[in-house]
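Analysis of the macromolecular model
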Amino acid sequence: MKTALTGIKPSGQPHLGNYLGMIRPALALAQSYRCLYFIADYHALTTLHRGDELRLHTREVAATWLALGLDPERTLLYRQSDVPEVTELAWILSCFTAKGLLDRAHAYKDALAQQREVSAGLYTYPVLMAADILAFGADAVPVGRDQKQHLEMCRDIAQRFNHAYGDLLVVPDALIQEEVETIPGLDGRKMSKSYGNTIPLFLPAPALRKLVMRIQTDSTPVEEPKQPETASVFQLYRQFVGAPAAEPLAERLRAGGTGWAAAKQALVEAIEAALGGARAHYDELMRDTARLEAVLRRGAGRARDLAAPRMERIRRAIGVR
Ligand code: TRP
């Protein structure tokens, strides 16, 4: 069975965009791959400099995966920082990473363009990400389109290493899930923490309802025909129930006589049906820090066992053993 590996940066509370765009498809992948899913806390450190927040978001991400049905016996769930082999490998790989390659990274170039301060950590972010993947010999990396360049850099770094020492590293493939559409946020732009337009995944029902009512819609009056396909509220609804089941609501909106408020109500019910049960489980996990911690530690132990033999071969090859 092939190995799929992916990471989530704990830089905020998980939201519907993370769920629909990444977590839900990744959970489905566990049917056909051996999966390693980890919490990229050292990556979050490039932007998040508050220990209490990093700790909290790390727990939120772990609880989210588990509440949504990740089976930690089948799928390894671990915290990046619990696997020191990854940071060790990151240094080694940095010696096989052309500076020019990092200069071309979108995230780094964006930061420069916005005249934000660039730390060496942000600059070498792609190297740590390559280490995340290469330490485990992952075959496939399910990522969104925004991470495609990082994957190409990982492949480039692996090939340079292999060129020097023989094929020690598995050159991974990106698994870009094209069928997953961009998930719109409250204002119609891509749902993203940096736009402040997210709907957190496990809001209590009344708060969820309030936020959904704030999704922007056009001002077509109730009685007039509407265009469901271009409306965020309908796009989100369709993501939750699937295209065929969303068609009746689309028909009613097109016909006129159904307002956006009714569509929002339908969305609230669809979210509740999909996530209501998981929310209770999530709340329970968030209260039981010791249990979460135990799951993560066990995952890290198994992850280290997986990485150990490959790391030993790498150390020998480069000559530090
Ligand atoms: N950079 C990814 C993101 O921002 C998170 C990530 C870190 C990752 N390491 C990874 C994803 C390794 C896939 C594989 O979404």
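Predicted model, so just to flag it, every value in this text is computed and none were measured. (Residues numbered from 1 in each chain as written. Predicted model: local features only at pLDDT ≥ 70, side-chain atom pairs only at ≥ 80, totals over all residues. Heavy atoms only, no water.)

For the rest of this paragraph, the subject is the domain arrangement of the protein chain. With domains assigned, the protein chain is organised as domain 1 (3-183 + 288-318) and domain 2 (202-283). For domain 1 versus domain 2, the distance between C-alpha centres works out to 33 Å. Facing the 14 residues of domain 1 at the interface are 10 residues of domain 2. Summed over both partners, the interface of domain 1 with domain 2 comes to about 1200 Å²; 60% of that surface belongs to carbon and sulfur atoms. Between the two partners, domain 1 and domain 2, sit one salt bridge. The shortest N-O distance in the salt bridge between glutamate 181 and arginine 238 comes to 3.5 Å. At the boundary of domain 1 and domain 2, one finds one residue pair in polar contact (both at pLDDT 80 or more). At the level of elements, α1 (16-29) and α3 (51-67) are the ones that each hand at least two residues to the side of domain 1 that touches domain 2. The element best represented in the side of domain 1 that touches domain 2 is α3, accounting for five residues. Class assignment for the residues of the side of domain 1 that touches domain 2 results in eight nonpolar, two polar and four charged. (Domains from an automatic or database assignment. Contact = heavy atoms within 4.5 Å. Buried area = accessible area lost by both parts, 1.4 Å probe. Salt bridge = Lys/Arg side-chain N within 4 Å of Asp/Glu carboxyl O. Polar contact = N/O pair within 3.5 Å; in protein donor to acceptor, adjacent residues only side chain to side chain. Helix = DSSP H or I, 4+ residues; strand = E, 2+ residues; numbered from the N terminus. Nonpolar A, V, L, I, M, F, W, Y, C, P; charged D, E, K, R; others polar.)

Attention now moves to the site of the ligand. Residues in close proximity to the ligand total 14 residues, the closest being His43, Tyr125, Met129, Asp132 and Gln147. The contact in question runs from a nitrogen atom of the ligand to an N or O atom on the side chain of tyrosine 125, over 2.7 Å. Those elements that provide at least two residues to the shell around the ligand are β1 (3-8), α8 (125-134) and β4 (140-143). Examining the composition of the shell around the ligand, we find that four residues originate from one element, α8, more than from any other. Tallied by class, residues from the shell around the ligand come to eight nonpolar, four polar and two charged. (Near = heavy atom within 4 Å.)

So, about the packing of helix α10 (residues 205-213) against helix α13 (residues 260-287). Where α10 meets α13, the axes come as close as 10 Å, and the angle between the chain directions of the two elements is 145°. Where α10 crosses over α13, the two elements pack in a sense that is right-handed. Residues Ala205, Leu208, Arg209, Val212 and Met213 of α10 touch α13, and the partners they reach there are Lys264, Gln265, Leu267, Val268, Ile271, Glu272 and Arg279. (Axes fitted to C-alpha atoms, helices over the stretch in contact; angles between N-to-C directions. Left-handed = near helix turned anticlockwise from the far one by under 90°.)

On to the nonpolar core. Ranked by internal contacts, the top residues of the largest apolar core, which has 59 residues, are Trp65, Leu68, Ile199, Phe240, Leu267 and Leu275. Ranked by residue count, the leading element in this core is α13, at 12 residues. If you look at the next biggest cluster of nonpolar residues, it comprises 44 residues, including Ile92, Met129, Phe161 and Ala307. (Core = buried A, V, L, I, M, F, W, Y, C linked by side-chain atoms within 4.5 Å. Buried < 20%, exposed > 50% of the residue type's maximum accessible area, 1.4 Å probe, protein only.)

Before going further, it helps to examine the side chain of asparagine 197. Inspection of the secondary structure assignment puts asparagine 197 in the loop between β5 (173-176) and α10. Residue asparagine 197 is classed as buried on the basis of its relative accessible area of 2%. Engagement of the side chain of asparagine 197 in a polar contact is seen with the side chain of aspartate 187, the distance being 2.8 Å. Polar contacts involving the side chain of asparagine 197 include one to the main-chain carbonyl oxygen of lysine 190, which spans 3.1 Å. In contact with asparagine 197, not counting residues within four places along its chain, are Gly185, Leu186, Asp187, Arg189, Lys190, Met191 and Ser192.

Once that is clear, we can look at the pairing of β4. Residues of β4 alternate between two faces, with Ala140 and Pro142 on one and Val141 and Val143 on the opposite face, all of them buried. Relative to β5, β4 is paired through four bridges, and the arrangement is parallel. Bridge pairing in β5 links proline 142 to leucine 175. Considered for its hand, the β-α-β crossover made up of β4, helix α9 (residues 148-165) and β5 is right-handed. (Pairing = 2+ DSSP bridges. Right-handed = clockwise from strand over helix to strand, strands pointing away.)

To continue, consider the pairing of β1. Summarising burial for β1: five of the six residues are buried, a large majority. Alignment of β1 against strand β2 (residues 34-39), held across six bridges, turns out to be parallel. Residue leucine 5 lies in a different strand from β2, and its bridge partner there is leucine 36. A crossover connection joins β1 to the parallel β2 through α1; in handedness this β-α-β unit is right-handed.

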